[in-house]
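If you want the building blocks of each chain, they are given just below.
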Amino acid sequence: MLGTMKGDLRAMDVESSSEEEDEDAEGVEDDGFQVVPHPTESPKKSRFGFLTSLRSLVGSRSLTQEDIDPIMEKMKDHLIAKNVASDIAVKVCESLAGKLEGKVLGTFQSVSATVKTAMQDSMVQILTPKRRVDILRDVMEAQKQKRPFVITFCGVNGVGKSTNLAKITFWLIENGFSVLVAACDTFRSGAVEQLRTHCRKLNALHPPEDHGGRPMVQLYEKGYGKDPAGIAMEAINHARDTHIDVVMVDTAGRMQDNEPLMRALTKLIAINQPDLVLFVGEALVGNEAVDQLVKFNRALADFSQMENPRLIDGILLTKFDTIDDKVRA
């Protein structure tokens, strides 16, 4: 693993689904007429149940809203069954219906290709962030301004904030940046010791003697029971004075409905104005993570005294290996 995480994170490849198209295309003639199986024959089960219902759209006339609505209803149910959030499922189906209405689709292959292209376009539109996040380039921009790049991690209890902070720290030092970890979880017992262990192991992977005697990862901590906002400010000033490239601010886990703790998080972010605020959520809880994110954002807006409050910039999704084929929220 050492030395293999240089450069930007790899993009996700989209796998070909030609086999699925071939399976679903069975029973449809090239001239567009549907072949109905004999009642005694058991139809072959498709990997995507709603795709089989698309066969009714094959024909020589333009598709109307009445033709499309029953199919979209089945598709919406299929997406929700896979734990896609209901409002996202509705948006995907509405986008797809708009692209199908008025079209003439003579073969099942053309229906399948149109549906999958429309779904990809819809998902790209939904998932495209409003703000560009390119951490490596932003860190280099901060270096030119002779200041540290600050990332704050927040989220509910037990989602893996400290662990994934260490993973991102490893990625940063693999790309040649020095990191200061600010231990601003002054509540949970063992939080500081956990970060100290992470820093020690990361420095073992990148020994100081390989970097001019300077440790690539340092820990800034003031123990427990202190003001997290003050510790973060001191850590940022220390990083600026010692020319450290990145400050990673670890915060205590808190439930989204806990007003005193949400006010404390708002104070930390408002005072220190980090370059990037990351919400850490776990895929395991499904749509509950959406509720957490919305309420975190709402609290940051409501409890801030600023005219333009700092909100969450991105999501770090953990425990994705626990969800099998359920794509969740």
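The text that follows walks through the structure, step by step, so that each part is easy to find. Please read these numbers as outputs of a predicted model, since none were measured by experiment. (Residues numbered from 1 in each chain as written. Predicted model: local features only at pLDDT ≥ 70, side-chain atom pairs only at ≥ 80, totals over all residues. Heavy atoms only, no water.)

A short note on unusual backbone geometry
- Of note in this structure, His 243 is not a glycine but carries a positive phi near 60°.
- Mapping His 243 onto the fold places it in the loop between α9 (228-242) and β4 (246-251).
- With a phi angle near 45°, Gln 273 is a residue other than glycine that sits in the positive phi range. (Helix = DSSP H or I, 4+ residues; strand = E, 2+ residues; numbered from the N terminus.)

Overview of the pairing of strand β2 (residues 179-184)
- Of all 6 residues in β2, 6 are buried; the element is thus mostly enclosed.
- In terms of strand pairing, β2 meets strand β3 (residues 217-220) through 4 bridges, oriented parallel. Looking at β3, one finds that Ala 182 is bridged to Tyr 220.
- Traced from β2 through helix α8 (residues 191-205) to β3, the parallel crossover comes out right-handed.
- Bridge count for β2 against β4 is 6 bridges, and the pairing is parallel. Among the inter-strand pairings, Leu 180 is bridged to a residue of β4, identified as Val 247. (Buried < 20%, exposed > 50% of the residue type's maximum accessible area, 1.4 Å probe, protein only. Pairing = 2+ DSSP bridges. Right-handed = clockwise from strand over helix to strand, strands pointing away.)

Overview of the packing of aromatic side chains
- For the structure on display, the rule yields 1 aromatic pair.
- Here Phe 279 and Phe 296 contribute two aromatic rings whose centre-to-centre distance is 5.2 Å and whose plane-to-plane angle is 65°, an arrangement assigned as edge-to-face. Of the two residues, Phe 279 sits in strand β5 (residues 276-282) while Phe 296 sits in helix α11 (residues 288-302), which places them 17 residues apart along the sequence. Taken individually, Phe 279 and Phe 296 each receive the classification buried, so the pair is uniform in this respect. (Phe/Tyr/Trp six-rings, centres within 6.5 Å; stacked < 30°, edge-to-face > 60°.)

Structural notes on the sheet that holds β3
- As summarised here, the arrangement of the 6 strands in space is β3-β2-β4-β1-β5-β6, forming an open sheet in which the pairing is parallel. Only two strands of the sheet have a single partner each, and these edge strands are β3 and β6 (314-318). Pairwise comparison of adjacent strand axes, ignoring direction, gives a mean angle of 25° for this sheet.
- Across the sheet, helix α7 (residues 161-174) touches β1 (149-154), β2, β3, β4, β5 and β6, and the angle it forms with β4 is around 170°.
- On the sheet, α11 packs against β1, β5 and β6 and is oriented at approximately 150° with respect to β5. (Axes fitted to C-alpha atoms, helices over the stretch in contact; angles between N-to-C directions. Contact = heavy atoms within 4.5 Å.)

Focus: the pattern of salt bridges
- Applying the stated criterion across every chain, the model contains 12 salt bridges.
- The closest approach of N and O atoms between Arg 147 and Asp 275, which form a salt bridge, is 3.0 Å. Here the residue Arg 147 occupies a position in the loop between α6 (135-144) and β1, and Asp 275 occupies one in the loop between α10 (259-272) and β5, the gap between them amounting to 128 residues.
- Accessibility expressed as a relative area gives 27% for Arg 147, which makes it partly exposed.
- With its nearest N and O atoms 3.1 Å apart, the salt bridge here joins Arg 310 to Asp 313. The same class applies to Arg 310 and to Asp 313, which are both buried.
- Within the structure, one salt-bridge network assembled from shared partners comprises Asp 257, Asp 291 and Lys 295. (Salt bridge = Lys/Arg side-chain N within 4 Å of Asp/Glu carboxyl O.)

Fair warning: the whole summary comes from geometry, so function is off the table for now.
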